[in-house]
Amino acid sequence: MRHFDYKNGELYAENVPLRSIADKVGTPAYIYSTATFERHYSVFADSFSGIDALVAYSVKANSNIAILATLAKMGAGADVVSGGELARALVAGIPAHKIVFSGVGKTSAEMRDALKAGIRLFNVESLPELRLLNQTALSMNKIAPIAFRVNPDVTAGGHDKISTGKKENKFGIAWKHAQSAYAEAARLKGIKIVGVDVHIGSQIDDLAPFEKAIEKVGELIKRLRADGHTIQSFDIGGGLGIPYGDNNKTPPPPAEYGAMVKRLTASLDVEMIFEPGRMIAGNAGILLTKVLYVKEGEDRNFLIIDAAMNDLIRPALYDAYHDIEPVIAAGPNFTQETYDVVGPICESGDTFTKSREMPSLNDGDLVVLHSAGAYGAAQSSQYNTRPLIPEVLVSGDKYAVIRERPSVADILKTESIPDWL
Ligand code: LLP
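Worth saying up front: this structure is predicted, and the values here are computed from it rather than measured.

What counts, and at which threshold
Residues numbered from 1 in each chain as written. Predicted model: local features only at pLDDT ≥ 70, side-chain atom pairs only at ≥ 80, totals over all residues. Heavy atoms only, no water. Near = heavy atom within 4 Å. Polar contact = N/O pair within 3.5 Å; in protein donor to acceptor, adjacent residues only side chain to side chain. Nonpolar A, V, L, I, M, F, W, Y, C, P; charged D, E, K, R; others polar. Domains from an automatic or database assignment. Pairing = 2+ DSSP bridges. Helix = DSSP H or I, 4+ residues; strand = E, 2+ residues; numbered from the N terminus. Patch = residues over 30% accessible without salt bridge, like charges linked within 9 Å, V, L, I, M, F, W, Y side chains within 5 Å. Areas by Shrake-Rupley, 256 points an atom, 1.4 Å probe, with all protein chains shown as cover. Salt bridge = Lys/Arg side-chain N within 4 Å of Asp/Glu carboxyl O. Buried < 20%, exposed > 50% of the residue type's maximum accessible area, 1.4 Å probe, protein only. Axes fitted to C-alpha atoms, helices over the stretch in contact; angles between N-to-C directions. Parallel < 35°, antiparallel > 145°, perpendicular 65-115°, else oblique. Contact = heavy atoms within 4.5 Å. Buried area = accessible area lost by both parts, 1.4 Å probe. Phe/Tyr/Trp six-rings, centres within 6.5 Å; stacked < 30°, edge-to-face > 60°. Lys NZ or Arg CZ within 6 Å of the ring centre and 35° of its normal.

**Comments concerning the site of the ligand**
Argument step 1. Taken together, 18 residues form the shell around the ligand, and within it Ser202, Glu275, Arg314, Tyr318 and Tyr375 come nearest.
Argument step 2. Asp79 has a polar side-chain atom sitting 3.2 Å from a nitrogen atom of the ligand.
Argument step 3. A distance of 2.8 Å separates a nitrogen atom of the ligand from a polar atom in the side chain of Tyr318.
Argument step 4. Here the residues of the shell around the ligand are counted per class, giving four nonpolar, eight polar and six charged.
Argument step 5. Per-domain counts for the shell around the ligand show at least three residues from each of domain 1 (4–31 + 283–413) and domain 2 (103–274).

**Observations regarding the sheet that holds strand β2 (residues 10–13)**
Paired through backbone hydrogen bonds, the strands of a sheet run either parallel or antiparallel to each other.
Argument step 1. As summarised here, the arrangement of the three strands in space is β1-β2-β3, forming an open sheet in which the pairing is antiparallel. Across the chains shown, the open sheet's two edge strands, defined by having one partner strand only, are β1 (4–7) and β3 (16–17).
Argument step 2. Across two bridges, the pairing between β2 and β3 is antiparallel. Among the inter-strand pairings, Ala13 is bridged to a residue of β3, identified as Val16.

**Points about a nonpolar patch on the surface**
Argument step 1. On the surface, Ile417, Trp420 and Leu421 cluster together into a nonpolar patch covering about 480 Å² of accessible area.
Argument step 2. Judged by relative accessible area, Trp420 falls into the exposed class, the value being 69%.

**As for the packing of helix α6 (residues 127–139) against helix α7 (residues 178–187)**
Relative placement of two packed helices is described by the angle separating their axes and the distance separating the axes.
Argument step 1. The geometry of α6 relative to α7 is characterised by a closest axis approach of 11 Å and an angle of 10 degrees between their N-to-C directions. The angle between α6 and α7 places the two elements in the roughly parallel class. Mapping the contact onto sequence places Leu127, Leu130 and Arg131 in α6 and Ala181, Glu184 and Ala185 in α7.
Argument step 2. The class makeup of the residues in the contact of α6 with α7 is four nonpolar, no polar and two charged.

**Considerations on the domain arrangement of the protein**
Argument step 1. By the assigned domains, the protein splits into domain 1 (4–31 + 283–413) and domain 2 (103–274).
Argument step 2. Computed from C-alpha coordinates alone, the two centres of domain 1 and domain 2 are separated by 36 Å.
Argument step 3. Opposite the ten residues of domain 1 that make contact, domain 2 presents nine residues.
Argument step 4. Buried surface at the junction of domain 1 and domain 2, both sides included, amounts to about 810 Å², of which 53% is carbon and sulfur.
Argument step 5. Across the domain 1-domain 2 interface, the total number found is one residue pair in polar contact (both at pLDDT 80 or more).
Argument step 6. Of the residues contributing to the side of domain 1 that touches domain 2, the split by class is four nonpolar, three polar and three charged.

**Side note on the packing of aromatic side chains**
One pair of aromatic rings is described through two measures. These are the centre distance and the angle between the planes.
Argument step 1. Counted by the stated rule, this structure contains eleven aromatic pairs.
Argument step 2. For the pair Phe48 and Tyr257, a centre-to-centre distance of 6.1 Å together with 85 degrees between the ring planes defines the contact as edge-to-face. Taken together, the positions of Phe48 in the loop between α2 (34–46) and β5 (53–58) and Tyr257 in helix α9 (residues 254–265) put the pair 209 residues apart, joining distant regions of the chain.
Argument step 3. On the basis of relative accessible area, Phe48 is assigned to the buried category, the value being 2%.
Argument step 4. Joined through ring pairs, the aromatic side chains of Phe44, Phe48, Phe210, Tyr257 and Phe274 make up one cluster.
Argument step 5. Its guanidinium or amino end placed over the ring of Trp175, Lys216 lies 5.0 Å from that ring's centre, counting from NZ or CZ.

Pasting the structure below:
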């Protein structure tokens, strides 16, 4: 069931016409569907029914506190990668005992905040980090629960920039050092070993790399237990891909992923932890934008829209595909056109798609870029001094602005000219 769909020829978010949001809030804007977030969360969580599992939503995908609160109400935990994300998760009502802290560069201040909050565990990625965590915990008279993120050297992920489980990637403890890392951790008074963690990449559209990683980690868990360590949890990270509407391979549905995980981990006697981001948020959001100009080039037509790469960087950074649809559906006698869809930023990279066929559009028409709920707003910037764009959460026939559009004055307020100038 699509919650961004046409009714009487115009596109709605649940029961709200997008046109009315554009009138009230302006464009560009991110629009999210509560019902879609809820459905994705429950489809994912239900696929692990019957086993001991924690779904720790990966906050980086979409970190708005209203989204986190929506998921908290469903019972979600959180995977955070900074003190800022930790603060967001706590403010949104995600209990500390359901929060895991990942990332290759945690600072002592961040460790302190997490220890104070009493999070579930730290996913530790290097020995120097382990030692700093030990010192930090001891200085607070605390013991830090940890899993090591291990690097299984498995190829996975929809793009080079989002593949993380290969030995040349910066992530995790090198496979061959895993056992000695656990041995060192066991000797530290401020550290308690509770599990193993892995995350191999993002937008993975095939179960095979997950299977490979789970099998390798399963073997490692046996070796670690034989070494005398207590391994209670196995965090397999996030990474399950979503359909973006192009012709690439369609990722397996969560139920298949869940069945595979259950099958491969049944004999391990561990609590499973999952860190899905995109799977929950990706198709729960769209980018609503307006055609500024239709420009005729020498050999092509450009659709210049009011959203740009600073608002949604995925096409520029990862060559990502996003479906594009007009808010007002084309009438029966529409003509088909081919456009390069571009933003106003002064770089050729500010291109959402090239040679895309779509119904002919005019200046002022509203269009949406689909599947923009994950890594859209979260990765936006104010490049070209374009203020961050609003985020709007729809629920049934109501909606609320959950992040306001700052004014240019708000942006300038944070800068100053030194008195020598
Ligand atoms: N856990 C860890 C440790 C991660 O690094 C990530 C994503 C996730 C979980 C969630 O992965 P997901 O379920 O969303 O695939 N900006 C890129 C994606 C970057 C993914 C980074 N890590 C994009 O827009 O495609």
